[in-house]
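Here are the chains, one letter per residue:
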Amino acid sequence: MGIAQAGGGGKQGGAFEPLREPVFRRIWTASVLSNFGQLILGVGAAWEMTRLTTSPSMVALVQSALMLPLMLVALPAGAVADMFDRRRIAMTGLAFSMLCAALLTTLAWAGYTSPWMLLAFCSLIGAGVALYSPAWQASISEQVGPVQLPAAVALGTISYNVARSFGPAVGGVIVLALGAQAAFAINAVCYLPLFLAFFLWKRRHVPSRLPPEQMHRAIVSGARYAFHAGPIRTVLLRAFIFGLSGATATALAPLVAKDLLGGNASTYGLLLGASGVGAVVGALMVSPCRERFGTQWTTGVMAVVGGLALVLTGISRSVPLTCFAMFIAGGANILTIALFNVSVQLSAPRWVTARALSLFSSALTGGIAIGAWMWGMVAGQWSVDVAMIASGVALGLMPLLGFILPLPEATEADVAPFELANEPEVALALTQRSGPVVIEIDYDVDPGRARDFYDAMLKVQRTRLRNGGFNWSLSRDIADPALWTERYQCPTWGDYLHMRTRFTRADKDAQEQARSYNREGSELRVRRRLERPFGSVRWRADSPDPQQVPIGYMAP
């Protein structure tokens, strides 16, 4: 729940300026409590697992169970948050997590706790959080102004890490004094203030002029955008590898406390608390580091620093030294994650923001979930210290990816929305489900400028594919070399109308660049065709013609 949003432009306000906004302040304060409860759950479940089984892999799977739903549910949750009222979606996710946490508490008090049951409920609670998270992240820009947005991002990150700085330590004391059942109960109660904060938010939901996409199409649209948008694709891959490499920081922390330091639940909480304090410090450094050093350089240095901290954790047998290492690792990790998040936010237009953030969350938590299982297996096969050192070495090698996959330095201006002024001419009785629709655009280009025109059209290709077009092609007339035809498809008329609402200023600039090669005095010719027009013609010669009613944006 600690992954936050970024963006904005212009002169930024102070670090705590967004807290002047009442809605943001209420939700942010309540999110600290909910994160506090979530972390107590993690401590209680992990320590309870050490009581139920001696298998290191099963202990590490607690982290996987909490994280894996964020990978599996994130994209559908992002699609839902983009399609419907984000306030109601957030409330639904929180209510589901509360219900599952209450059931886990009841079963634990009744004595029915088992390793697999514990993992199952951790997954269910994580699924509710996964539904809530993208709706909350994508709604931050509705709660603060554009100037305050970067500071709101840092506060969103701090929200999680303020709780992490003392939540695990308190959780360790609770488990030690009252047992894991009390930790589960506190987790359930801590979701309630956040649920009420969203309930009291009088959000003005402005519905789209178009009906919402079907769920499977919304998911496909989000995934295709990320796949065809190079900056987002790069960040997702880097985030996955980062999570995979450094998963030991939280997944094996219980075993570090128990096996390497000979401690108990309070020692485990102390380690996580040190990591949380480091994360708060790291979160406060996001804006200065990004402005002064850039995303690429900062993330590379933090990967090396975090890797060295994990190696030190594996070597150390001293509680103070290990706490120092966890402090450094926490700060380096959260600074890197926040910068990844900023890159995604600034690279995604509004219509796909929640889905892009969901994919980022999915990539990061998926890497952590798989990495937790992988390093748990290494710890079981060899030892905990070997797993920590190997993880640190893997994380320290991350900067080498920067030479192959450099992170984007995007700005919000690149994804500012652009509304098309022209309306398509329609003379057939179309519905939202009519299709496929084929769009063809003819260009008249001086043959001497063919190379430059072709390069410009490759940029147009990327805009078509990431906004919803399929089967894009560019052909040249063999009898008239000046005549070029761009062609692409949309599955339905509704998909085409949605595609027209997704243009950004960068997309428009790419198209204007391509159209500038059209020879003066020659007009572009745009044709929109219904590829399978069976429903638009008479079944028999004596059948009446279908009503020729043009259908625009509000087609049923």
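As the structure is a prediction and not an experimental result, all values here were calculated from the model.

A.B. asks: Got a minute to help me understand the overall build of the chain in this structure?
C.D. replies: Scanning the chain for helices and strands turns up 21 helices and 4 strands. Sorting the 556 residues of the chain into buried and exposed places 57% on the buried side. For the chain, the proportion of contacts with a sequence separation of at least 24, taken over those separated by at least 6, is 86%. Carbon and sulfur atoms provide 63% of the accessible area of the chain, an area that totals close to 23,500 Å².

A.B. asks: How do you make sense of the nonpolar core when you look at a structure like this?
C.D. replies: Taken as a class, soluble globular proteins show a tendency for nonpolar side chains to be buried jointly. In this structure, Phe24, Phe198 and Phe360 are the most contacted members of the largest nonpolar core, which totals 120 residues. Contacts of Phe24, omitting those with residues within four sequence positions, involve Pro18, Leu19, Trp136, Ile140, Gln143, Val144, Ala152 and Leu155. Among the nonpolar cores identified, the runner-up in size contains 23 residues, and Leu430, Ala450, Trp472 and Trp484 belong to it.

A.B. asks: Where do I start with the packing of helix H16 (residues 353-381) against helix H17 (residues 384-396) in this structure?
C.D. replies: At a closest axis distance of 7 Å, the pairing of H16 and H17 adopts a crossing angle of 140°. In terms of orientation, H16 lies oblique with respect to H17. Considering how the two elements wind past one another, H16 and H17 form a crossing that is right-handed. Each of Trp375, Val378 and Ala379 in H16 lies in contact with H17, whose residues at this interface are Val384, Val386, Ala387, Ala390, Ser391 and Ala394.

A.B. asks: Just to check I follow, could you spell out the environment of Ala101 for this structure?
C.D. replies: Note that Ala101 resides in helix H3 (residues 86-109). A relative accessible area of 1% places Ala101 in the buried class. Considering only alpha carbons, one finds Ala101 and Leu124, 23 residues apart in sequence, at a separation of 8.7 Å. Excluding its chain neighbours within four sequence positions, the residues that come into contact with Ala101 are Ile125, Phe184, Asn187 and Ala188.

A.B. asks: Help me out: how do you make sense of unusual backbone geometry in this one?
C.D. replies: Negative phi values dominate among residues other than glycine, just as trans dominates among peptide bonds. With a phi angle near 55°, Asn471 is a residue other than glycine that sits in the positive phi range. Residue Asn471 is classed as exposed on the basis of its relative accessible area, which comes to 52%.

A.B. asks: Looking at this structure, I do not really get the sheet that holds strand S2 (residues 470-476). What am I missing?
C.D. replies: Strand order in the open sheet formed by 4 strands is S2-S3-S1-S4, and the pairing between neighbours is antiparallel. Every other strand in the sheet has two partners, leaving S2 and strand S4 (525-530) as the edge strands with one partner each. Neighbour to neighbour, the strand axes of the sheet diverge by 15° on average, direction disregarded. Pairing analysis gives 6 bridges linking strand S1 (residues 437-444) to S4, with the strands arranged antiparallel. Bridged to Ile439 within S4 is Arg528.

A.B. asks: Quick question: what am I supposed to make of H3 here?
C.D. replies: Owing to its 3.6 residues per turn, the α-helix aligns residues three or four sequence positions apart on the same side. Spanning 24 residues, H3 covers 35 Å between terminal C-alpha atoms, matching the ideal 34 Å at 1.5 Å per step. At the exit of H3 stands Gly111, carrying a positive phi of roughly 85°.

About the criteria used
Residues numbered from 1 in each chain as written. Predicted model: local features only at pLDDT ≥ 70, side-chain atom pairs only at ≥ 80, totals over all residues. Heavy atoms only, no water. Helix = DSSP H or I, 4+ residues; strand = E, 2+ residues; numbered from the N terminus. Buried < 20%, exposed > 50% of the residue type's maximum accessible area, 1.4 Å probe, protein only. Contact = heavy atoms within 4.5 Å. Areas by Shrake-Rupley, 256 points an atom, 1.4 Å probe, with all protein chains shown as cover. Core = buried A, V, L, I, M, F, W, Y, C linked by side-chain atoms within 4.5 Å. Axes fitted to C-alpha atoms, helices over the stretch in contact; angles between N-to-C directions. Parallel < 35°, antiparallel > 145°, perpendicular 65-115°, else oblique. Left-handed = near helix turned anticlockwise from the far one by under 90°. Pairing = 2+ DSSP bridges. Expected span 1.5 Å × (residues − 1).

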